[in-house]
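For reference, the chains in residue letters:
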Amino acid sequence: MRDPKRIPELLSLLGQYWTQCPDVRLGQMLVNFGIDYFTEDERFIEKLQLRLFGEESFDAKVERIAKAWFEAPCPPEEGGQCNPGLHNWATGHPEDKQNARNTVAFVLKAERG
């Protein structure tokens, strides 16, 4: 079951953002945020926080970079030998996605020192 505490947090952030641009329709705002049927509420909360406060949480940054890396096409020098299942974040194996997250988090932490 999803955590019901996410609802007031999401609605509060949505209200804060919407009052800054009251001429925007709700559906228009959702599309502008890239929200679709498959978007998890936590991801929507992160997107709202980024727009409102201009900062991305470490976990959100890891997720964004891991997804982009995961979905990147195979380099030509590999001769197309990649596993094609690794290129769709939505249907990818959870263990593969977690490995991508772990790798990205390790690199980001190493860069921070």
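Here we summarise the structure given alongside this text. (Residues numbered from 1 in each chain as written. Predicted model: local features only at pLDDT ≥ 70, side-chain atom pairs only at ≥ 80, totals over all residues. Heavy atoms only, no water.)

Brief notes about the overall build of the protein chain
When you go through the protein chain residue by residue, the secondary structure sums to five helices and zero strands. Tracing the protein chain from N to C terminus, the helices and strands come up as α-α-α-α-α. Each of the 113 residues in the protein chain was classed as buried or not, and the buried ones make up 23%. Long-range pairs, those at least 24 residues apart, make up 51% of the contacts in the protein chain with a sequence separation of at least 6. Of the roughly 8300 Å² of accessible surface on the protein chain, 56% is carried by carbon and sulfur atoms. (Helix = DSSP H or I, 4+ residues; strand = E, 2+ residues; numbered from the N terminus. Buried < 20%, exposed > 50% of the residue type's maximum accessible area, 1.4 Å probe, protein only. Contact = heavy atoms within 4.5 Å. Areas by Shrake-Rupley, 256 points an atom, 1.4 Å probe, with all protein chains shown as cover.)

A short note on the nonpolar core
One broad trend across soluble globular proteins is that nonpolar side chains are buried collectively. Of all hydrophobic cores here, the largest spans eleven residues; its members are Leu10, Leu13, Leu14, Tyr17, Cys21, Met29, Phe33, Phe44, Ile45, Leu48 and Leu52. Breaking this core down by element, the ones donating at least two residues are α1 (6-20) and α3 (41-53). Counting residues in each nonpolar core, the second largest holds eight residues, with Val62, Phe70, Ala105 and Leu108 among its members. (Core = buried A, V, L, I, M, F, W, Y, C linked by side-chain atoms within 4.5 Å.)

Considering α1
For α1, spanning 15 residues, the distance from its first C-alpha to its last is 22 Å, which sits close to the expected 21 Å at 1.5 Å a residue. In this fold, the buried residues of α1 make contact with α2 (26-32) and α3. (Expected span 1.5 Å × (residues − 1).)

Some words on the environment of Leu52
By secondary structure assignment, the location of Leu52 is in helix α3. Judged by relative accessible area, Leu52 falls into the buried class, the value being 17%. Along the primary structure Leu52 and Leu14 are separated by 38 residues, whereas in three dimensions their C-alpha atoms are 9.6 Å apart.

With respect to the packing of aromatic side chains
For the coordinates displayed, the defined rule picks out three aromatic pairs. Note on Tyr17 and Phe33: the rings are 5.1 Å apart at their centroids and 70° apart in plane angle, and the pair reads as edge-to-face. Separated by 16 residues along the polypeptide, Tyr17 in helix α1 and Phe33 in the loop between α2 and α3 bring together distant segments of the chain. Both residues of the pair, Tyr17 and Phe33, count as buried. Here Phe33 and Phe44 contribute two aromatic rings whose centre-to-centre distance is 5.6 Å and whose plane-to-plane angle is 70°, an arrangement assigned as edge-to-face. Of the two residues, Phe33 sits in the loop between α2 and α3 while Phe44 sits in helix α3, which places them eleven residues apart along the sequence. An aromatic cluster is built from Tyr17, Phe33 and Phe44, whose rings are joined through pairwise contacts. The ring of Phe33 carries the charged tip of Arg51 above its face, separated from the ring centre by 4.3 Å. (Phe/Tyr/Trp six-rings, centres within 6.5 Å; stacked < 30°, edge-to-face > 60°. Lys NZ or Arg CZ within 6 Å of the ring centre and 35° of its normal.)

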